[in-house]
Amino acid sequence: MSMRVLGNLVILAATVALSYGMQLSKPHYADLTAPIPVDGAMHDTVRARSFDVRLDGVVFARALKTNQFGQQKLLTTSGVWAVVTTSLTGTDASITVADGTWQGPTGLRYRQTERLGYRQDMPPHSVDPGLQKRGLFVFEVPPDQIRGARLLISERRFGALDAQARISFDGLPAGADGQPAGILPQYDLDAPPGQTSQGQTSQGKTSQAKP
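Residue indices follow the written sequence of each chain, beginning from 1 at its first position. A pLDDT threshold of at least 70 governs which residues receive local features in this predicted model, and a stricter bar of 80 or more applies before side-chain atom pairs are shown or counted, although totals over entire chains, interfaces and linings include all residues. Side-chain descriptors were evaluated using all non-hydrogen atoms of the structure, hydrogens and water having been removed beforehand.

A. Representation of the overall build of the protein in the model. Only runs of H or I of at least four residues qualify as helices and only runs of E of at least two qualify as strands under DSSP, and these elements are numbered from the N terminus. Per the secondary structure count, the protein includes two helices and 12 strands. The linear arrangement of helices and strands in the protein, starting from the amino end, is α-α-β-β-β-β-β-β-β-β-β-β-β-β. With 211 residues in all, the protein has 40% of them scored as buried. Of the roughly 12,300 Å² of accessible surface on the protein, a fraction of 55% belongs to carbon and sulfur atoms. Exposure is judged per residue with a 1.4 Å probe applied to protein chains only, and the accessible area is read against the type maximum: over 50% gives exposed, under 20% gives buried, and values in between give partly exposed. In these tables, accessible area is a Shrake-Rupley quantity obtained with a 1.4 Å probe, and a residue counts as shielded only by the protein chains included in the view.

Here it is, written out as structure tokens:
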């Protein structure tokens, strides 16, 4: 084999290796057009492009009590129900906040449950400028995906290049096994805001019954 042919083969091999390396290292299209995160913590107002959101509290329960089509139902889960309460406000115009995702500490994501059907206090949330609105987001999550989790809120599920509120669940009390402390055996979604059927507030503190 002549030196010229050998040299061409070496150049070809180097070109292929370089192209393969660039393909592996360059950002993917999905990453380039992904939502733009706006980070925040619980009880802080996170300002996205078209809405403001504050994560007010979260309740964990083994079962959910709800009224569906005039009938009381008790929904169980193989994991844990996470009922997240937020306050939402539009910034410049009336919009609809439709997407909520639970992101676990390992990066696994869980969409809002579809087992509750339509409820006025669940997505999609119609919000207006200057008018704060209470909004629920309900998830079914494994217990090991709670500690260190984050709530992702977007105007749309596929909001490319749009702002996404990314709120950390800071300071949630947990046991030695990593599971959240104070998991309720049952939570009533139709109880007054902040009050569960077990007589506890959404922050897990027992409320005193009035005589």
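More follows now that the structure is in view.
B. Just the environment of Phe 158, in detail. Within the secondary structure layout, Phe 158 lies in the loop between strand S10 (150-154) and strand S11 (163-168). Judged by its relative accessible area of 72%, Phe 158 is exposed.

C. Structural view of unusual backbone geometry. Omega for the peptide link from Pro 123 to Pro 124 comes to 5°, which places this bond in the cis form. Mapped onto the elements, Pro 124 comes out in the loop between strand S7 (109-111) and strand S8 (125-127). Even without glycine at this site, His 43 takes up a positive phi of about 75°. As for its position among the elements, His 43 is in the loop between strand S1 (36-41) and strand S2 (45-47).

D. Inspection of the pairing of S11 at higher detail. In this sheet, S11 lies alongside S1 in parallel orientation, the contact comprising six bridges. Among the inter-strand pairings, Ala 41 is bridged to a residue of S11, identified as Ser 168. Sheet topology note: the S10/S11 ladder contains four bridges and is antiparallel. Looking at S11, one finds that Arg 150 is bridged to Ser 168. Between any two strands, at least two bridges found by DSSP are needed for them to pair.

E. Here's a closer look at the nonpolar core. The set of buried Ala, Val, Leu, Ile, Met, Phe, Trp, Tyr and Cys residues whose side-chain atoms join them within 4.5 Å is what this entry labels a nonpolar core. Ranked by internal contacts, the top residues of the largest apolar core, which has 29 residues, are Phe 51, Phe 60, Val 84, Trp 102 and Phe 169. When contributions to this core are tallied by element, the ones reaching two or more residues are strand S3 (51-68), strand S4 (71-90), strand S5 (95-97), strand S9 (133-141), S10 and S11. The element contributing the most residues to this core is S3, with five residues. Whether two residues touch is decided by their heavy atoms; if any such pair falls within 4.5 Å, the residues are in contact. Non-local contacts of Phe 51, meaning those with residues more than four positions away in its chain, are made with Val 46, Leu 88, Thr 89, Gly 90, Thr 91, Ile 95, Val 97, Ile 153, Ser 154, Glu 155 and Ala 165.

F. Quick look at the side chain of Gln 145. Structurally, Gln 145 is set in the loop between S9 and S10. What makes Gln 145 buried here is its relative accessible area of 5%.

G. Inspection of the sheet that holds S1 at higher detail. Taken in spatial order, the five strands of this open sheet run S1-S11-S10-S6-S7, and their pairing is mixed. What marks the edges here is a single partner per strand, and that holds for S1 and S7. Sheet twist, expressed as the mean angle between neighbouring strand axes with direction ignored, is 25°. What counts as an axis is a line fitted to C-alpha atoms, over the stretch in contact for a helix, and the angles between N-to-C directions run from 0 to 180 degrees.

H. Structural context of the packing of aromatic side chains. Any pair of Phe, Tyr and Trp rings, taking the six-membered ring for Trp, is counted once the centres come within 6.5 Å. Such a pair is stacked with planes under 30 degrees apart, edge-to-face with planes over 60 apart, and tilted for the rest. Scanning all chains against the criterion turns up three aromatic pairs. The rings of Phe 60, Trp 102, Phe 139 and Phe 169 are connected pair by pair, giving a single aromatic cluster.

I. How the structure looks around the environment of Val 58. As for its placement among the helices and strands, Val 58 is situated in strand S3. The spatial distance from the C-alpha of Val 58 to the C-alpha of Val 138 is 9.5 Å, given a sequence separation of 80 residues.

J. Inspection of the side chain of Gln 103 at higher detail. Looking at where Gln 103 falls in the secondary structure, it is placed in strand S6 (residues 99-103). Residues adjacent in sequence count toward polar contacts only when both atoms are side-chain atoms; beyond that, a polar contact is any pair of N or O atoms within 3.5 Å, and within protein one must be able to donate a hydrogen and the other to accept it. Within polar-contact distance, the side chain of Gln 103 engages the side chain of Arg 109 at 3.0 Å. Every residue in contact with Gln 103, bar those within four places of it in the chain, is listed here: Leu 108, Arg 109, Ala 149, Arg 150 and Leu 152.

K. Focus on the pattern of salt bridges. By convention in these notes, a salt bridge is any Lys or Arg side-chain nitrogen within 4 Å of a carboxyl oxygen on Asp or Glu. Per the counting criterion, the structure on display carries 11 salt bridges. Ionic pairing is found between Arg 49 and Glu 155, a salt bridge with its closest N-O pair at 3.3 Å. Here Arg 49, found in the loop between S2 and S3, pairs with Glu 155, found in the loop between S10 and S11; they are 106 residues apart in sequence, far enough to count as distant. One salt bridge in this structure joins Glu 155 and Arg 156, with 3.8 Å as the shortest N-O distance. Take Glu 155: its relative accessible area is 13%, and that puts it in the buried class. Accessibility expressed as a relative area gives 39% for Arg 156, which makes it partly exposed. A network of salt bridges, in which partner residues are shared, links Arg 49, Glu 155, Arg 156 and Asp 162.

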